[in-house]
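So you can see what is in the structure, the chains are spelled out below.
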Amino acid sequence: MRLVVDLNRCQGYAQCAFLAPDVFAMHGEESLVYSPRAEEEQRERVARAVAACPVQAITADGLETVAGGAPDAAH
């Protein structure tokens, strides 16, 4: 799946890095680094990370549903 993070919107809350550490990581205290392509086995973690972003800075193409029935997590 393809990921895009609006780094102008991102406030460095690091919820994504906590929930999907293989995809998102903090560089320093406020700079986010991420892989723009997430592996299929990361789907549930990425969906949770997208949903947990307090400023909705993450867009994920290719997410349909999250375990538990949450709607499309692409914001």
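Residues numbered from 1 in each chain as written. Predicted model: local features only at pLDDT ≥ 70, side-chain atom pairs only at ≥ 80, totals over all residues. Heavy atoms only, no water.

### Description of the confidence of the model for the chain
What counts here: On a range of 0 to 100, pLDDT expresses the predictor's confidence in each residue. By definition, residues are in contact when any of their heavy atoms lie within 4.5 Å.
The pLDDT averaged across the chain works out to 87; a share of 84% of its residues lies at or above 70. Predicted confidence is poor over residues 65–75, with pLDDT under 50, and the contacts of this stretch with residues over four places away or in other chains come to 19 contacts.

### Some points on the nonpolar core
Condition: For the purposes of this section, nonpolar cores are sets of buried Ala, Val, Leu, Ile, Met, Phe, Trp, Tyr and Cys residues that join through side-chain atoms within 4.5 Å. Think of it in three bands: residues with accessible area under 20% of the maximum for their type are buried, residues over 50% are exposed, and the middle band is partly exposed, with areas taken using a 1.4 Å probe on protein chains only. Numbering goes from the N terminus for both helices and strands, where a helix is a DSSP run of H or I of at least four residues and a strand is a run of E of at least two.
Judged by nonpolar contacts, the single largest core of 20 residues is most densely connected at Leu3, Val5, Val23, Phe24, Val46, Ile58 and Leu63. Secondary structure elements with two or more residues in this core: strand 1 (2–5), helix 1 (15–19), helix 2 (43–52) and strand 4 (58–61). Of the residues forming this core, the biggest block, four residues, is contributed by helix 2.

### A word on unusual backbone geometry
Residue Ala14 is not a glycine yet carries a positive backbone phi of 70°. On the secondary structure map, Ala14 appears in the loop between strand 1 and helix 1. Overall, the relative accessible area of 26% leaves Ala14 in the partly exposed class. In this structure, Gln56 takes a positive phi of about 50° despite not being glycine. Following the sequence through the fold, Gln56 ends up in the loop between helix 2 and strand 4.

### With respect to the state of the cysteines
Rules: Cysteine sulfur atoms are paired as a disulfide whenever they fall within 2.5 Å.
Taken as a whole, this structure holds zero disulfides when the rule is applied. You can see Cys53 has no disulfide; the closest cysteine sulfur is in Cys10, sitting 6.4 Å from it.

### What about the pairing of strand 1?
To be explicit about the condition: Strand pairing is assigned whenever DSSP identifies at least 2 bridges connecting the two strands.
Only one face of strand 1 is covered, namely the face carrying Leu3 and Val5; the face carrying Arg2 and Val4 is uncovered. Here strand 1 pairs with strand 4 via four bridges, running antiparallel. Bridged to Arg2 within strand 4 is Asp61.

### Re the pairing of strand 2 (residues 24–27)
Pairing of strand 2 with strand 3 (residues 31–34) involves four bridges; the strand directions are antiparallel. For Phe24, the partnering residue across the bridge sits in strand 3 and is Tyr34. Here strand 2 folds back onto strand 3 in antiparallel fashion, the turn holding three residues, of which Gly28 has a positive phi close to 80°.

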